[in-house]
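Read off the chains here:
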Amino acid sequence: MEIHLNRVDYIQVGVTSQKTMKLLPALGKKATQKVAVADHDGIITCFGMKKGEAVPVFKTLPGQKIAKLDLGGAAGTPQEKIFVCSGSQVRGFTRKGKQFLTFEANLTESINAMHVSGADLFVCASYIYNHYCDCKDQDYYLSGDKINDITCFSSENLTRFIPVLACQDRVLRVLQGSELSYDIEVPGPPSVLELYNKDGGQEILYGTTDGKIGLVQIGEASAATKWEIDNDKKKGGILCIDTYDIVGDGVNDILVGRDDGTVEVYGFDSASEPTLRFEHVLSESITSIQGGCVGKESYDEVLTATYTGWVTGLTTEPQKAEAGPGDEVRMSKEIQTKVEALRTELEQLQVKVLQGREQYQQTSQSSTAVSAVPVFSINDKFTLCQDDASYSLTLEVQTAIDNLLLQSDVPIDLLDVDKNSAVVSFSECDSEPNGNFLLATYRCQANTTRLELKVRSIEGQYGTLQAYITPRLQPKTCQVRQYQIKPLSLHQRTHSIDQERPMNRLSLVGQFSFAEIHSWVVFCLPEVPEKTPAGENIAFFFHNTFLGTQLEATYCKGEGHFKSDNISTISILSDVLSKEATKRKINLNISYDINDESVSYTLKMIHPKLEYQLLLARKVQLIDALKELQVHEGTADFLIPEYRNILDQSTNLLEEYKKQPAHLERLYGMITDLFIDKFKFKGQNVKSKVSSLLEILDNYELNSLLDFFNEA
């Protein structure tokens, strides 16, 4: 059953953070609901709709940036009190706007996640969880990785509150008091949590930064995953989730907001499996989503808040009513009044802009003029995509982007992104004296506020990628954002590895502290928490998103052990760790245990990828010649089926080849590194034999490659 929703824009506030908009409970059965939304200017805006116009209920004064907004109230009463957190402070307001609470949590870091239930307040900073009851400290927990969100529930079966933390290391941590009860592994870093049933129940919805959604049933001692929705269409990461029966079948539907502007509604089929019922794309990321009745009584809607502060409804109310002649006149009068009001507002704004420009010109030419740089917010994300082993760089600005300059001091490839409409141009750069390997400029079309880019790095080469963002503002100004490309940049955290594979080992022993070796691992590998873990030792597991090889890192004070089935990974780690130790004047005793079988194992893992890329390259080389033959002969019927198939698939083949520039060269490079590294650990320099290796790769056959590695 499909549903049809129509878009209505209500108001625009300042830039908003994740989960900062809520619908207050309706005062009557058919009454519309008021909306409370908080922004980066520290303002809480509460409004309702009357005759199609947004009518303010209250608006607070500006202050510190608001990170989260939640509703609360005494148990058994409507949850209509508004709670916001800014910095380490929590404030409470009534639905009329009267402030009744100011609570200082005394945390060293800003609160980034909050949940309110009755007299209980649950707050999280980066790694710290605190529980307060009636503003008195109850429980405290230090997490092993960054906390992205928190939710909490109690039910008739449970005698206590159960807090659940969404942590960056792909784990949901379930707490009991100040202790970890157990954790649940999820398929990606969880970014948001939501109770499936707000009236009770033990089912929790989670959304991940790589766009997956799941439902978990939480018990006292263990949890069960009910279902998961994969992100097959490569949509954006999940920023917000809500549940509301928008379809009207008596079952809560799941409302989802993503960071690429996609709004989705999932219903349930007869087998209780989630199915997509509705999808709409806005031009910027969705920071909050709610289901309710706002615009007109009896018409349900999905209400969203976007990054730049637009509060938008997707309503079940039909926008073009099929009505009689009298109704048409009435409708046209309503629309006429609305258009006239908008024209008046537009004229007033134009006058304000002209006055502002004149004032700016006068002040800028006066003798006491001071140049003021316009301040603008940037929402950026630099994440490793598991599917194609590339980094996705997403930049979102509160105003239109004029251009973006990318500069890198390490070799990286820019990949094509379908959603990106900006025009890219490359500048020649001299890598030797300046260390510039990439200079690329993206010129954006008018009103582009969001830009998505993809880059692929080479493992072993590390440095910095810099983005210079220039918006369409006067006077011209620019902000710089820096992103670290790490030595093992294509590795991603995982929960476990296959211990049966042939492994190479690297062991370090020296006079270094736990914090020092942890900082070296943070420097080498992505997705490792910057904070030194609690305890005396730690183990991390990784897999290489490009090749599928794996790595285990186990270390403590004075000792570190690294295991990998890829000898090149061990070689990179050895070089980088010894450099870092030398910088700090620490002597390292390094030992290796090399397994020759691992090289053959890695080559066999590369084999299907290499074979596929060689076949793709050969097919692409044939396309032009086959097209010429087809034009010359007037038909392609005389060609053998294989060639006819290449012609039929030519568009897809060219598109795929274009999306993966230098893919084949990368695989050649990895095999060459593997060859050099294998013999480096034996004390042999085989760089003179690389040309013979490349000849074998040009006439590729797996067995001859294996023989070459064994005989060299």
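Conventions adopted
- Residues numbered from 1 in each chain as written.
- Predicted model: local features only at pLDDT ≥ 70, side-chain atom pairs only at ≥ 80, totals over all residues.
- Heavy atoms only, no water.
- Pairing = 2+ DSSP bridges.
- Helix = DSSP H or I, 4+ residues; strand = E, 2+ residues; numbered from the N terminus.
- Axes fitted to C-alpha atoms, helices over the stretch in contact; angles between N-to-C directions.
- Buried < 20%, exposed > 50% of the residue type's maximum accessible area, 1.4 Å probe, protein only.
- Domains from an automatic or database assignment.
- Contact = heavy atoms within 4.5 Å.
- Buried area = accessible area lost by both parts, 1.4 Å probe.
- Salt bridge = Lys/Arg side-chain N within 4 Å of Asp/Glu carboxyl O.
- Polar contact = N/O pair within 3.5 Å; in protein donor to acceptor, adjacent residues only side chain to side chain.
- 1 Å grid on protein atoms, 1.4 Å probe; cavity = no way out; pocket = protein on both sides within 12 Å on 5 of 7 lines; lining within 4 Å.
- Points joined across faces, edges and corners; volume = space filled by probe spheres on them.
- Nonpolar A, V, L, I, M, F, W, Y, C, P; charged D, E, K, R; others polar.
- Phe/Tyr/Trp six-rings, centres within 6.5 Å; stacked < 30°, edge-to-face > 60°.
- Lys NZ or Arg CZ within 6 Å of the ring centre and 35° of its normal.
- Expected span 1.5 Å × (residues − 1).
- Bend = angle between axes of the 7 residues up to and from the residue.
- Core = buried A, V, L, I, M, F, W, Y, C linked by side-chain atoms within 4.5 Å.

You'll find the chain entered in an unreviewed UniProt entry as BBSome complex member BBS7 isoform X2, with Cottoperca gobio given as the organism.

Caption draft 1: Up close: the sheet that holds strand E3 (residues 35-38). One open sheet holds the four strands; their spatial order is E2-E3-E4-E5, and the pairing between them is antiparallel. Where the open sheet ends on each side, the last strands, each with one partner, are strand E2 (21-23) and strand E5 (53-59). Taking the axes of each pair of neighbouring strands and ignoring which way they run, one obtains an average angle of 25° across the sheet. Relative to strand E4 (residues 44-50), E3 runs antiparallel, the two being bridged by four bridges. Bridge pairing in E4 places Val-35 opposite Phe-47.

Caption draft 2: Here's a closer look at the pairing of E3. Burial of the side chains of E3 extends over both faces: Val-35 and Val-37 are buried on one face and Ala-36 and Ala-38 on the other. As judged from the three bridges shared by E2 and E3, these two strands associate in the antiparallel manner. Bridge pairing in E3 places Lys-22 opposite Ala-36.

Caption draft 3: The arrangement of the pairing of strand E24 (residues 262-268) in detail. In terms of residue burial, E24 counts as a mostly covered element, since seven of its seven residues are buried. Where strand E23 (residues 253-258) meets E24, four bridges bridge the pair, whose relative direction is antiparallel. Following the sheet pairing, Gly-257 is matched in E24 by Val-263. By the bridge criterion, seven bridges tie E24 to strand E25 (residues 274-281) in an arrangement that is antiparallel. What sits directly across from Val-263, in E25, is His-280.

Caption draft 4: Focus on the sheet that holds E23. Strand order across the open sheet formed by four strands is E22-E23-E24-E25, with antiparallel pairing between neighbours. Two strands lie at the open edges of the sheet, namely strand E22 (238-244) and E25, each paired on one side alone. Direction aside, neighbouring strands of the sheet carry axes that sit 20° apart on average.

Caption draft 5: Structural context of the domain arrangement of the chain. Split by domain assignment, the chain resolves into domain 1 (18-236), domain 2 (378-485), domain 3 (491-594) and domain 4 (597-711). For domain 1 versus domain 3, the separation of C-alpha centres amounts to 36 Å. Listed as interface residues are nine residues of domain 1 and, on the opposing side, seven residues of domain 3. Roughly 750 Å² of surface becomes buried between domain 1 and domain 3 when both sides are summed, with 53% attributable to carbon and sulfur atoms. On the domain 1 side of the contact with domain 3, Tyr-127, Arg-170 and Glu-185 bury the most area, a combined 58% of that side's loss. Between Arg-493 and Asp-169 there is a salt bridge, with its nearest N and O atoms 4.0 Å apart. The tally of links from domain 1 across to domain 3 stands at three residue pairs in polar contact (both at pLDDT 80 or more).

Caption draft 6: Representation of empty space enclosed by the protein in the model. All chains considered together, the criterion is met by one cavity of 30 Å³ or more. In this structure, the largest cavity is lined by Lys-19, Met-21, Lys-22, Glu-194, Cys-240, Ile-241, Asp-242, Ser-288, Ile-289 and Gln-290. Class assignment for the residues of the lining of the largest cavity results in four nonpolar, two polar and four charged.

Caption draft 7: Summary view of the packing of aromatic side chains. Scanning the model with the defined rule gives 16 aromatic pairs in all. Consider the rings of Phe-382 and Tyr-483, whose centres lie 5.1 Å apart with planes at 35°: the pair is tilted. Here Tyr-483 lies in strand E37 (residues 479-485) and Phe-382 lies in strand E29 (residues 378-385), a separation of 101 residues in the sequence. Tyr-483 carries the same exposure label as Phe-382, and that label is buried. Cluster of aromatic residues (ring-pair linked, three or more members): Phe-514, Phe-540, Phe-542 and Tyr-555. Directly above the ring of Phe-681 sits Lys-680, whose terminal nitrogen or CZ lies 5.6 Å from the centroid.

Caption draft 8: Layout of helix H5 (residues 596-633). Taking 1.5 Å per residue as the helical rise, H5 with its 38 residues ought to reach 56 Å, and the 55 Å between its terminal C-alpha atoms agrees with that figure. Most pronounced at His-607, the bend in H5 amounts to some 35°, and the proline Pro-608 follows within four residues. The distance from a side-chain oxygen at the start of H5 to the backbone nitrogen of Glu-597 is 3.0 Å, and the residue carrying that oxygen is Asn-595. In the segment just after H5, Gly-634 is the residue with positive phi, at about 80°.

Caption draft 9: Spatial organisation of the environment of Ser-110. On the secondary structure map, Ser-110 appears in the loop between strand E9 (99-104) and strand E10 (113-117). Sequence-distant contacts of Ser-110, that is, excluding residues within four places in its chain, are made with Gly-87, Cys-124 and Ala-125.

Caption draft 10: Structural detail: the nonpolar core. Membership of the largest hydrophobic core comes to 55 residues, with the highest contact counts inside it found for Leu-406, Leu-610, Ile-671 and Phe-709. For this core, the leading source of residues is helix H8 (residues 663-680), giving eight residues. When near neighbours in sequence (up to four residues on either side) are disregarded, Phe-709 contacts Val-599, Leu-603, Ile-671, Leu-674, Phe-675, Lys-678, Phe-679 and Leu-693. In this structure, Trp-520, Val-522, Ile-570 and Leu-573 belong to the second largest nonpolar core, which totals 25 residues.

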